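# Observations on the three-dimensional arrangement
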Amino acid sequence: MTREVPLLVELAWCCLECHRYERCEKCTDSGFCPALEAARTRIRAWRRYRSVFGWC
């Protein structure tokens, strides 16, 4: 049985994909974006969760 990826993780991937090509209104001139950092953190946490609990 294949499990679905949670919606918030999918949205985090979309955020990363969007930031590959353009900036959002939260991006600073130096390139830092709090929304992008939150997305990266969420994906990292999801990967840790999968490795601990054996998510397929």
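Details of the structure are given in the entry above.
Reference entry: report on the structure contained in this document. (Residues numbered from 1 in each chain as written. Predicted model: local features only at pLDDT ≥ 70, side-chain atom pairs only at ≥ 80, totals over all residues. Heavy atoms only, no water.)

## Here we look at the packing of aromatic side chains
- In total, this model carries 2 aromatic pairs according to the counting rule given.
- Centre to centre, the rings of Trp 46 and Tyr 49 are 5.6 Å apart; their planes meet at 15°, and the pair counts as stacked. Taken as a pair, Trp 46 and Tyr 49 lie in helix α2 (residues 34–53) at a separation of 3 residues, close to a single helical turn.
- The class for Trp 46 is buried, based on a relative accessible area of 12%.
- With relative accessibility at 38%, the residue Tyr 49 sits in the partly exposed group.
- Between Tyr 49 and Phe 53, the ring centres sit 4.8 Å apart and the planes meet at 40°, which makes this aromatic pair tilted. Here Phe 53 and Tyr 49 lie together in helix α2, a separation of 4 residues that amounts to about one turn.
- Counting every residue linked through ring pairs, the aromatic cluster contains Trp 46, Tyr 49 and Phe 53. (Phe/Tyr/Trp six-rings, centres within 6.5 Å; stacked < 30°, edge-to-face > 60°. Helix = DSSP H or I, 4+ residues; strand = E, 2+ residues; numbered from the N terminus. Buried < 20%, exposed > 50% of the residue type's maximum accessible area, 1.4 Å probe, protein only.)

## Here we look at the pattern of salt bridges
- Taken as a whole and judged by the stated rule, the model has 2 salt bridges.
- Linking Arg 40 and Glu 37 is a salt bridge whose minimum nitrogen-to-oxygen distance equals 2.8 Å. One end of the pair is Arg 40 and the other is Glu 37, both in helix α2 and 3 residues apart, which spans about a single turn.
- With relative accessibility at 34%, the residue Arg 40 sits in the partly exposed group.
- Classification of Glu 37 as partly exposed rests on a relative accessible area of 30%. (Salt bridge = Lys/Arg side-chain N within 4 Å of Asp/Glu carboxyl O.)

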